[in-house]
Amino acid sequence: MSHVTIHPSILSADFAALGQALESIGTADAVHVDVMDQHFVPNLTLGLPVVSRLAEVSSLPLDVHLMIEDPDRWAPQYAEAGAASVTFHAEAAGAPIRLAREIRAAGAKAAMALKPTTPLDVALPVLDELDMLLIMSVEPGFGGQPFLESSLPKIRAAVEAIGSRGIVVQVDGGVSPETVERIAEAGASCFVAGSAVFGAKDPSAAVEKIRGLAARAAGCADRA
Ligand SMILES: O=C(CO)[C@H](O)[C@H](O)COP(=O)(O)O
Ligand SMILES: [Co+2]
């Protein structure tokens, strides 16, 4: 039986206390790290030196979400730095099949992300090279935005296109106790949640709450 996984996004954590942020989400399955370059998206966060250090100190796997131009050049370096998975955007990649292969060769799982307006068709030729497909449910760039309902049919279509290939469908943006059940019912199994986790008084409890709701809605075993 499959299970759901929760990846809190440290975009919504205190950037002056990232070590404490990691400690506060001990119940999570991985930590989602949003790398933004102020070119692909209108926001600037952190880069390779910080990700390398997080990989050294984190007991959770690092799920690195690259919102950058030219991921063909940079993504493999995040895999070499110790990321468990590296996600590049389809809209930014020049040669996505080659890039996914390079990420895997560098020791990480390979994932590709689609912005809300990018059609699923773009991912179909790349699927066989991917471990995970990220369906963005907000316009990338900022945490705390409302979940886009238009992503639900896209999630259903992605799950159907993937079939039995074992590729994880991840959803990122506006995931909260209010939205996670509908997203799980649509077939996603990996949930990124930033503000809903780090905005809570007890981030670890928020992770467990979101996971429990998702697992019940998906009709599968609650991992926790
Ligand atoms: O990639 C992202 C934004 O581009 C973040 O991962 C995402 O927005 C998480 O934050 P929230 O759960 O608050 O929407
Ligand atoms: Co993200």
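Residues numbered from 1 in each chain as written. Chains lettered and ligands numbered in written order. Predicted model: local features only at pLDDT ≥ 70, side-chain atom pairs only at ≥ 80, totals over all residues.

An unreviewed UniProt entry lists the chain under the name Ribulose-phosphate 3-epimerase, from Falsarthrobacter nasiphocae. On record in UniProt, under Catalytic activity (unreviewed entry), the comment for the chain is "D-ribulose 5-phosphate = D-xylulose 5-phosphate". The record in UniProt for the chain states the following under Sequence similarities (unreviewed entry): "Belongs to the ribulose-phosphate 3-epimerase family." (UniProt positions renumbered as here; feature names shortened; annotations may be inferred.)

(A) Fine view of the overall build of the chain. When helices and strands are counted, the chain shows 8 helices and 8 strands. On C-alpha atoms alone, the chain measures out to a radius of gyration of 16 Å, which is about the 17 Å that the 2.2 N^0.38 rule sets for 224 residues. Based on the C-alpha atoms only, the size of the chain along its principal axes is roughly 40 × 40 × 30 Å. Relative to its 224 residues, the chain shows a buried fraction of 48%. (Helix = DSSP H or I, 4+ residues; strand = E, 2+ residues; numbered from the N terminus. Rg over C-alpha atoms; globule rule 2.2 N^0.38 Å. Buried ≥ 20, exposed ≤ 12 C-beta atoms within 10 Å, placed from the backbone.)

(B) Looking closely at the packing of helix 3 (residues 71-80) against helix 4 (residues 96-105). Remark: helix 3 packs on helix 4, axes separated minimally by 8 Å, with the N-to-C direction vectors making an angle of 20°. In terms of their interaxial angle, helix 3 and helix 4 are classed as roughly parallel. Where helix 3 crosses over helix 4, the handedness of that crossing is right-handed. Where helix 3 abuts helix 4, its residues Pro71, Asp72, Ala75, Pro76 and Ala79 lie against Leu99, Glu102 and Ile103. Of the residues contributing to the contact of helix 3 with helix 4, the split by class is 6 nonpolar, no polar and 2 charged. (Axes fitted to C-alpha atoms, helices over the stretch in contact; angles between N-to-C directions. Parallel < 35°, antiparallel > 145°, perpendicular 65-115°, else oblique. Left-handed = near helix turned anticlockwise from the far one by under 90°. Contact = placed C-beta atoms within 7 Å. Nonpolar A, V, L, I, M, F, W, Y, C, P; charged D, E, K, R; others polar.)

(C) Summary view of the environment of Met112. Within the secondary structure, Met112 is located in strand 5 (residues 109-114). Setting aside residues no more than four positions away along its own chain, Met112 makes contact with Thr87, Phe88, Ala90, Pro96, Ala100, Ala123, Val126, Leu130, Leu133 and Leu134.

(D) Geometry of the sheet that holds strand 1 (residues 5-8). The 8 strands are arranged 1-8-7-6-5-4-3-2 in an open sheet whose pairing can be described as parallel. Taken across any chain shown, the strands that pair with only one partner, and hence form the sheet edges, are strand 1 and strand 2 (31-36). The average undirected angle you get between the axes of adjacent strands in this sheet is 25°. Strand direction decides the pairing type here: strand 4 (residues 85-89) and strand 5, joined by 5 bridges, are parallel. Residue Val86 lies in a different strand from strand 5, and its bridge partner there is Ala110. Where helix 2 (residues 48-57) meets the sheet, its contacts fall on strand 2 and strand 3 (62-67), and the angle it forms with strand 3 comes to roughly 170°. Where helix 8 (residues 203-218) meets the sheet, its contacts fall on strand 1 and strand 8 (190-193), and the angle it forms with strand 1 comes to roughly 145°. (Pairing = 2+ DSSP bridges.)

(E) Just the pairing of strand 6 (residues 132-136), in detail. Burial runs high along strand 6: 4 of the 5 residues are buried. In the sheet, strand 6 pairs with strand 7 (residues 168-172) via 5 bridges, with the strands oriented parallel. Bridging across to strand 7, Met136 finds its partner in Asp172. For the handedness criterion, the β-α-β arrangement of strand 6, helix 5 (residues 151-162) and strand 7 is classed as right-handed. (Right-handed = clockwise from strand over helix to strand, strands pointing away.)

(F) Spotlight on the pairing of strand 7. Where burial is concerned, most of strand 7 is hidden: 4 out of the 5 residues are buried. Direction of pairing for strand 7 relative to strand 8: parallel, over a ladder of 3 bridges. The residue of strand 8 that forms the bridge with Asp172 is Val192. Regarding the hand of the β-α-β motif, the stretch spanning strand 7, helix 6 (residues 180-185) and strand 8 is right-handed.

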